[in-house]
Structures are given as structure tokens and as C-alpha cells.
Amino acid sequence: MKKIIVATTLAALALTAHADGWRFLPAQSDANFKFEPTVAGTLNHVDPSDHSSDFGYGIDLNFNCGLIQDPQNRIRTHLQIGHVSKDSMKADMFELSPRYTVQLGKGLSMGAGPSVAVYSVDVPGYDGTLYGIGIAGGVNYRMGSLYLGVDARYHNTQSKQGTDFDNLTVGFKAGVDF
């Protein structure tokens, strides 16, 4: 039954997307689709609810979304991988966020969207994986191949053994557009 529901939902999304100019799976169905990737290093301030905040680092890869796309190619997917470590807290972070992006001016854009995350957390009393959902947004600037950005992301995680990793992360990124 679950497979039928998922298949029906995907078919309805595809029909709705196609009818309004939205494209479902444009990476596969549109010969002119381009990912236009960007790679950037990140410096993040991570403020978990149960632990001391600290600075972390990572990488941000963002590109035109190949799953669903609006008529103006405004949806960009951000994949962020990061690490933070302070005293007895260590966390490796993997976050995925498709964002609807709007141009604000020459080279300047702003985007926001939902986010899912996986955290490998090592704190006193817990060493394991936590999953989270949240919201992410950012402002980006592109000039030629130069890419600069500022992000804010909030994730609410599940709780295991009395530990969670709900966090607000604010970061700066600099990199290269391809």
C-alpha cells in the first residue's frame, strides 16, 4: 500500500509540475539542463542547545536542483559537510537543503528552504548518529567565478539517550563557481 501511495504522489507531482512549467527530474528529461555547481569552504558558528557553542569548518557544494525545477531554474540544492569540536563535544555534520532562490541584484541572490541533516555526535553519555530536520536560508554573491555567501540554518534533532543536537548554525563561505 505504501508503494502505491508513493507512486501516486510522485505521479501527481510530476503532472502538476509539468502543467505549470515546473519540471520533475530535469537533470534527466531536459537536454539543456545544467547543474552549474559551486564549491566553497565554510566557517560556521554552531550553537547546539545542550552544549557550548563553537566555530567549525566544512565545505558547501551547491548546484541547480536536478529533482524538481521551476521555469526560471530558481531551485538550488546545498549540500554541506562540516565538523565542530570543543572540549568534550565533537560532531560531524551532513546537511541537505533545496532552496528557492531569488535574484536581488547583479550577482546577489537570496534563498531559503527546508533542510535535513545527519549528525555524528560524540558527547559525554552519547556517541552515535542523530537525524534532524529544519530550515535554511542564505544570501549569495557571485562575480565571475568568485562565490561568497552567508547562511543561517536551524535543525531540530531527535533525542537519543537524553541527548539531542538541536542547533542554530550561522556560517560564511567563499569559493568558486563552475
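Residues numbered from 1 in each chain as written. Predicted model: local features only at pLDDT ≥ 70, side-chain atom pairs only at ≥ 80, totals over all residues. Heavy atoms only, no water.

When you look at the packing of aromatic side chains in this model, what are you seeing that I'm missing?
The way to describe two aromatic rings as a pair is by their centre distance and the angle between their planes. Applying the stated criterion across every chain yields a total of 3 aromatic pairs. For the pair Phe35 and Phe63, a centre-to-centre distance of 6.1 Å together with 70 degrees between the ring planes defines the contact as edge-to-face. With Phe35 in the loop between helix H2 (26–29) and strand E2 (38–48) and Phe63 in strand E3 (residues 54–64), the pair connects residues that are 28 residues apart, well separated along the chain. Between Tyr119 and Phe165, the aromatic rings sit 5.1 Å apart at their centres with planes inclined by 55 degrees, giving tilted as the arrangement. Of this pair, Tyr119 sits in strand E7 (residues 108–123) while Phe165 sits in the loop between strand E9 (146–157) and strand E10 (167–177); the two residues are 46 residues apart in sequence, bridging distant segments of the chain. Just as Tyr119 is buried, Phe165 falls in that class too. One aromatic cluster is present, formed by Phe33, Phe35 and Phe63 through successive ring pairs. (Phe/Tyr/Trp six-rings, centres within 6.5 Å; stacked < 30°, edge-to-face > 60°. Helix = DSSP H or I, 4+ residues; strand = E, 2+ residues; numbered from the N terminus. Buried < 20%, exposed > 50% of the residue type's maximum accessible area, 1.4 Å probe, protein only.)

In this structure, what is going on with the environment of Pro37? I would like to understand it.
Assignment of secondary structure puts Pro37 in the loop between H2 and E2. Using a relative accessible area of 29% as the deciding quantity, one classes Pro37 as partly exposed. Once the C-alpha coordinates of Pro37 and Val176 are considered, the two residues, 139 residues apart in sequence, prove to be 8.7 Å apart.

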